[in-house]
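One letter stands for each residue in the lines below.
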Amino acid sequence: MNIVLAHGILGFRVKFGIEYFRGVAEHLREKGFKVIAPVVDPTGGIELRSGQLRDQIAAALAAGDLDAGEETHIIAHSMGGLDSRWMLSPANPDRIRTRIRSLTTVSTPHLGSPIADLADAPERLSAFGHLPFGLGGNVLEPALNALGISLDGLRNLTTALCEEFSARCVNEPATAYFSAAGGGRKGFPATAAVLLLFHQYISALTGQPNDGLVTVASAQWGTFDANTWPADHADEIGHNIDNLLVPPGFPYLAKYDQIVSNVAAL
């Protein structure tokens, strides 16, 4: 089985000795799978990133890094799920020609993120005076900077853009689509400190469980795993951003094992 790990916004393979999907590729390779973790433009749009993802999958198959005789499955986090959907979609004239057996998205904002909406309209915060935000970017921008997310890249994930995208980006009939979502950590705090105010804002705005950036409702595409992950947006890929030296407090690798077990049965 071939597995492709597709990263989200401002993603990377390894930076400063830290993997985006922390330990996931190695963990799955030890189980005998062929695994690649492509790197696409960290702040580019969906069309650019999907083309880069397509080309790297094709190159890996040609080089033998993926087995051309085996089925290929994609596991995508956050914006990587949108990149993958467009790469696969019959609506895309430059879609991938290689058969992809499944796509599993993890906390992908298929219907957008309220936090992305704030990048264009911080005045939305005026309705939530009980939250410790001020109007304008004084609080939003430093928080985004701490996450390494540019405002330009985040605007690709607004509710309006993602809803329009999902309406035109039809599924590839030969691919099985699955999705999972993080609903926040158990107990308090529900997320790492840098995501906590975002989590509170989304909860106040939508009333929905969320991982600090994406609601559970927005993360649903295809067959959805109703057992939401007890994780924030970074925990889902193995990063406790309160302390990067310590893994998340839930068994995230077991979740990737579960995804692989699910698609292996296809």
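Structure shown above.
These remarks concern the structure in this document. (Residues numbered from 1 in each chain as written. Predicted model: local features only at pLDDT ≥ 70, side-chain atom pairs only at ≥ 80, totals over all residues. Heavy atoms only, no water.)

Focus on the pattern of salt bridges
With the rule as written, the count across this model stands at eight salt bridges. Across the salt bridge formed by Arg185 and Asp235, the nearest N and O atoms sit 2.8 Å from each other. Here Arg185, found in the loop between strand S7 (176-180) and helix H8 (193-206), pairs with Asp235, found in the loop between strand S8 (223-224) and helix H9 (252-264); they are 50 residues apart in sequence, far enough to count as distant. A salt bridge links Arg185 to Asp242; its shortest N-O distance comes to 3.2 Å. Of this pair, Arg185 sits in the loop between S7 and H8 while Asp242 sits in the loop between S8 and H9; the two residues are 57 residues apart in sequence, bridging distant segments of the chain. Taking the relative accessible area as the measure of exposure, Asp242 reaches 43% and is therefore partly exposed. Salt bridges sharing common partners tie together Arg185, Asp232, Asp235 and Asp242. (Salt bridge = Lys/Arg side-chain N within 4 Å of Asp/Glu carboxyl O. Helix = DSSP H or I, 4+ residues; strand = E, 2+ residues; numbered from the N terminus. Buried < 20%, exposed > 50% of the residue type's maximum accessible area, 1.4 Å probe, protein only.)

A few points about the environment of Thr191
For Thr191, the position within the fold is in the loop between S7 and H8. Taking the C-alpha atoms as reference points, Thr191 and Asp232, 41 residues apart in sequence, are found 5.3 Å from one another. What Thr191 contacts, discounting residues up to four positions off in sequence, is Arg185, Leu196, His199, Asp211, Gly212 and Asp232. Here Leu196 takes part through its backbone nitrogen, which lies 3.0 Å from a polar atom of the side chain of Thr191. (Contact = heavy atoms within 4.5 Å. Polar contact = N/O pair within 3.5 Å; in protein donor to acceptor, adjacent residues only side chain to side chain.)

Here we look at the packing of aromatic side chains
The tally for this structure, following the rule as stated, stands at five aromatic pairs. Centroid distance Trp229 to Phe250: 6.2 Å. Interplanar angle 50°. Geometry classified as tilted. Placement of the pair is Trp229 in the loop between S8 and H9 and Phe250 in the loop between S8 and H9, with a sequence separation of 21 residues. Judged on exposure class, the residue Trp229 and its partner Phe250 are both buried. Through successive ring pairs, a cluster of aromatic residues spans Tyr20, Phe21, Trp229, Phe250 and Tyr256. Across from the ring centre of Trp221, 3.6 Å away, lies the NZ or CZ of Arg85, which sits over that ring. (Phe/Tyr/Trp six-rings, centres within 6.5 Å; stacked < 30°, edge-to-face > 60°. Lys NZ or Arg CZ within 6 Å of the ring centre and 35° of its normal.)

Some details on H8
The end-to-end C-alpha separation of H8 is 20 Å, in line with the 20 Å expected for 14 residues at 1.5 Å each. Every buried residue belonging to H8 is among Leu195, Leu196, Phe198, His199, Tyr201 and Ile202, and all of these are buried. In the segment just after H8, Gly207 is the residue with positive phi, at about 70°. (Expected span 1.5 Å × (residues − 1).)

Side note on the packing of helix H2 (residues 46-63) against helix H3 (residues 79-88)
Look at H2 against H3: their axes get within 8 Å of each other, and the N-to-C directions meet at 75°. The pairing of H2 with H3 is recorded here as roughly perpendicular in orientation. Across from Ile46, Glu47, Arg49, Ser50, Leu53, Arg54 and Ile57 in H2, the residues of H3 making contact are Met79, Gly80, Leu82, Asp83, Ser84, Trp86 and Met87. Counted by class, the contact of H2 with H3 contains seven nonpolar, three polar and four charged residues. (Axes fitted to C-alpha atoms, helices over the stretch in contact; angles between N-to-C directions. Parallel < 35°, antiparallel > 145°, perpendicular 65-115°, else oblique. Nonpolar A, V, L, I, M, F, W, Y, C, P; charged D, E, K, R; others polar.)

Section: the pairing of strand S5 (residues 72-77)
Counting buried positions along S5 yields six of six residues, so the element is predominantly enclosed. Residue alternation in S5 divides its side chains into two sets, Thr72, Ile74 and Ala76 and His73, Ile75 and His77, and both sets are buried. Here strand S1 (residues 2-6) pairs with S5 via five bridges, running parallel. Among the inter-strand pairings, Ala6 is bridged to a residue of S5, identified as Ala76. Here S5 pairs with strand S6 (residues 102-106) via five bridges, running parallel. If you follow Ala76 over to S6, its bridge partner there is Thr105. Note that the unit made of S5, H3 and S6 has a crossover that is right-handed. (Pairing = 2+ DSSP bridges. Right-handed = clockwise from strand over helix to strand, strands pointing away.)

Honestly, that's just the spatial picture; any functional story needs more than this.
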